[in-house]
Amino acid sequence: MTAAVGRTTVPAPWHDDDTALAVTTTGLSKRFPGGQLAVDALDLAVPVGSVFGFLGPNGSGKTTTIRMLLGLVGPTDGHTTLLGAPMPSEAARVLPRVGALVEGPAFHPYLSGRDNLLRLDAGDRTVSARGAARRVANALDRVGLGAAASKRYRAYSLGMRQRLGLAAALLRPRDLLVLDEPTNGLDPQGTREVRTLVREVCAEGATVFLSSHLLSEVEQVCTHVGVMSHGRLVFQDSLKALRLASENRVRVDTPQTRDAVAVLRAQGTGEPAVLSGDVVADLAGVPPERLTEALVGAGVAVRQLVVERPGLEDLFVQLTGEGFDVDE
Amino acid sequence: MSTSDTSLLGALGHDTAPVDRPAGELRALARLTRSELRLVFRRRRNIALLAVLAAAPVLLGVAVKVSAPQNGEGPPFLAQVTQNGLFLALTSLVVALPLFLPLAVAVVAGEAVAGEAGSGTLRNLLVVPVGRPRVLLVKYAGIVAYAVVAALLVAVVGAVVGLLLFPSGEATLLSGQTVPLSDAMLRAFVVALYVAAMLAGVGAVGLFVSTLTEVPLGAAAATAVLTIVSEILDSIPQISAVHPYLFTHRWLAFGDLLRSPVSWHQMEVGLLTQVAYVAVFGSLAWARFTTRDVTS
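What you see is a predicted model; the values in this text were computed from it and never measured.

1. Section: the nonpolar core
- In terms of nonpolar packing, the biggest core is built from 159 residues, with Leu70 and Leu82 of chain A together with Leu101 and Phe254 of chain B touching the most fellow members.
- At 16 residues, helix H9 (residues 181-210) of chain B tops the list of elements feeding residues into this core.
- Filtering out sequence-adjacent residues up to four positions away, Leu70 of chain A remains in contact with Leu82, Met87, Leu95, Val98, Ala100, Val102 and Val178 of chain A together with Val127 of chain B.

Structural data, given as structure tokens:
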């Protein structure tokens with residue numbers, strides 16, 4: 001792994017240049033009354049116009065961070081800005097421009113989807129009552145809930161509930177969307193629609209801050225990623241940089257694994273290993289064609305030689321040190 | 001949106017001019033209050049509680065009609081009901097005030113913040129953003145509105161049922177004078193408003209308790225228990241020194257409205273006690289709610 005990755009908080013490479021930032025935190029920390037340090041000295045820097053994937057296993061501090069960004073939870077230390085304004089002191093001015101879905105949808109079960117949105121619209125003092133019906137109808141249509149607008153929330157499926165949460169975030173044009181696990185409970189079709197929605201919103205110029213515990217969910221839409229592990233930010237850069245951080249590997253399918261290991265080692269690749277019968281090694285800059293030549297020259301029978309790039313999911317697991325396990 | 005946003009608009013590189021003009025501060029508050037009132041009064045449970053409250057005068061009226069009480073029997077004003085039906089409104093309020101009315105208000109008040117926190121809707125409201133003091137203000141407005149409706153409902157149903165079942169016409173006050181029915185009705189109306197004002201204290205206590213938990217029925221139960229404890233303490237003569245400070249102490253002082261001339265002193269003290277409770281528990285609720293982490 002590269003030097004940028006470790007168990008310390010990583011400042012974003014663009015932190016000191018002139019990149020406009022939609023979200024920043026400096027030294028943001030939260031210790032809950034129980035003594036648990038949920039978020040540890042976070043330095044987030046989310047460029048304006050980016051789709052920022054905020055990744056980490058369940059329990060790594062993502063939701064607590066999001067709650068602090070929005071002023072729901074007070075940090076024990078550190079500072080936050082949203083759209084250039086300090087939070088939570090400027091919440092009244094900034095939050096109308098921020099659409100948020102925090103930790104899954106939550107609505108009044110005995111009200112219809114429409115009435116639930118009207119209730120939230122009524123709380124927004126930067127808009128007039130006159131446009132409420134239109135704003136709500138637009139938001140519902142945008143997430144495909146137009147037909148179910150009059151149904152009680154109680155009767156909504158999990159997917160419909162998630163959509164209503166997204167509709168609430170899209171009640172009016174936003175400059176920043178903060179979406180916490182927006183694809184939870186959605187079927188593949190719904191997941192695809194959320195991606196489309198994120199791209200649309202982004203094309204309109206908004207910044208999207210998207211949290212997920214599944215890299216594959218956000219990989220296709222993100223321009224930038226931050227990776228959380230145990231309350232710390234262990235990686236923060238563009239998705240491209242994350243890809244570059246992973247080294248290409250060569251995989252040799254051969255019956256003579258021991259000979260192949262010796263040849264690869266002699267050619268200066270990373271330390272070869274035998275994985276499920278194949279010899280695998282980091283390329284470390286060695287041209288693969290030279291390896292082919294050397295293997296054949298040494299009389300090693302090569303059935304197949306493949307250059308592979310580890311999936312981002314593998315990287316993610318490397319960074320966070322785990323897959324689906326819950327951090328404690 | 002203010003003009004100070006201009007620099008940021010430039011940075012964002014697109015036009016974020018709001019599609020709707022901002023409403024005035026007061027108009028926005030009124031709109032949110034209307035939304036809160038819809039939430040309170042369209043909730044089936046709250047409507048059912050009102051229905052139960054409305055049933056009390058009906059039962060009472062029928063019972064008195066079937067078997068007229070001897071003089072001095074039963075709650076205050078019960079004996080007068082057979083002479084003038086309007087007194088059923090007052091008897092109903094006396095019967096409902098110790099338990100039913102505060103219980104109904106406690107349920108609505110307990111729900112106020114704890115209900116929104118428990119169901120997670122509080123976080124949506126806060127990120128809209130509805131400032132936390134505004135949440136409390138609007139929630140309290142909803143509680144008080146419910147208390148007023150509940151008290152007036154008991155009085156109105158009592159008056160209607162009473163006048164249907166029993167004689168109407170001139171009413172005899174407690175001090176012996178006879179006044180026209182319209183005068184008596186006005187007095188009954190003021191009594192209902194006084195009762196509603198007494199419930200405002202319960203509402204403030206309930207609002208504070210509601211900020212402490214995410215379990216609405218727990219908050220409601222705690223509020224009801226506090227009310228009952230206050231009433232029990234009020235009935236123990238050995239601690240009469242404490243009585244003036246209990247928020248339930250002057251709840252029944254409205255009998256003074258049925259004398260001529262009206263003696264306002266007890267009721268004034270009763271109202272001031274409620275003002276004090278609202279101020280203290282409102283401040284506690286504010287202190288608690290504006291600093292607490294919303295993690296639900």
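2. Focus on helix H10 (residues 288-297) of chain A
Residue and element names in this part refer to chain A.
- Along H10, the residues classified as buried are Leu291, Ala294 and Leu295. Projected down its long axis, H10 shows its buried positions confined to an angular sector of 100°, all on one face. Summarising the geometry of H10, the exposed residues directed more than 90 degrees from the buried face are Glu289, Glu293, Val296 and Gly297.
- Those residues of H10 that are buried lie in contact with strand S12 (249-253), helix H9 (257-267) and strand S15 (304-308).
- In the stretch just after H10, Gly299 is the one whose phi turns positive, near 80°.

3. Looking at unusual backbone geometry
- Cis geometry marks the peptide bond from Met87 of chain A to Pro88 of chain A, where omega comes out at 0°.
- Mapped onto the elements, Pro88 of chain A comes out in the loop between strand S6 (85-87) and helix H2 (91-94).
- Cis geometry marks the peptide bond from Ser260 of chain B to Pro261 of chain B; its omega dihedral reads 0°.
- Tracing the backbone through its elements, the reader meets Pro261 of chain B in the loop between helix H10 (216-234) and helix H11 (265-289).
- With a phi angle near 50°, Leu83 of chain A is a residue other than glycine that sits in the positive phi range.
- You can see Leu83 of chain A is positioned in the loop between strand S5 (77-82) and S6.
- Residue Leu83 of chain A is classed as buried on the basis of its relative accessible area of 2%.

4. Looking at the side chain of Asn46 of chain B
- Here Asn46 of chain B lies in helix H3 (residues 44-66).
- Excluding residues within four positions of it along the chain, Asn46 of chain B makes contact with Val40, Val108 and Tyr146 of chain B.

5. Thoughts on the pattern of salt bridges
All names here are of chain B.
- For the coordinates displayed, the defined rule picks out 25 salt bridges over all chains.
- Linking Arg187 and Asp183 is a salt bridge whose minimum nitrogen-to-oxygen distance equals 2.6 Å. Of this pair, Arg187 and Asp183 both sit in helix H9, 4 residues apart, which is roughly one turn of that helix.
- A relative accessible area of 13% places Arg187 in the buried class.

6. Looking at the sheet that holds strand S4 (residues 51-55) of chain A
All names here are of chain A.
- Taking strand neighbours across the sheet as the criterion, the 6 strands line up as S7-S8-S9-S4-S10-S11 in an open arrangement whose pairing is mixed. Every interior strand has two partners, whereas the edge strands, strand S7 (98-101) and strand S11 (232-238), have only one. Neighbour-to-neighbour, the strand axes of the sheet open up by a mean angle of 10°, direction not taken into account.
- On top of the sheet, helix H1 (residues 62-69) reaches S4, strand S8 (176-180), strand S9 (207-212) and strand S10 (224-229); it is set at about 150° to S9, its chief contact.
- Set on the sheet, helix H6 (residues 188-203) makes contact with S4, S8 and S9; between it and S9 the angle comes to about 155°.

Definitions and cut-offs
Residues numbered from 1 in each chain as written. Chains lettered and ligands numbered in written order. Predicted model: local features only at pLDDT ≥ 70, side-chain atom pairs only at ≥ 80, totals over all residues. Heavy atoms only, no water. Core = buried A, V, L, I, M, F, W, Y, C linked by side-chain atoms within 4.5 Å. Buried < 20%, exposed > 50% of the residue type's maximum accessible area, 1.4 Å probe, protein only. Helix = DSSP H or I, 4+ residues; strand = E, 2+ residues; numbered from the N terminus. Contact = heavy atoms within 4.5 Å. Arc of directions from axis to C-beta. Salt bridge = Lys/Arg side-chain N within 4 Å of Asp/Glu carboxyl O. Pairing = 2+ DSSP bridges. Axes fitted to C-alpha atoms, helices over the stretch in contact; angles between N-to-C directions.

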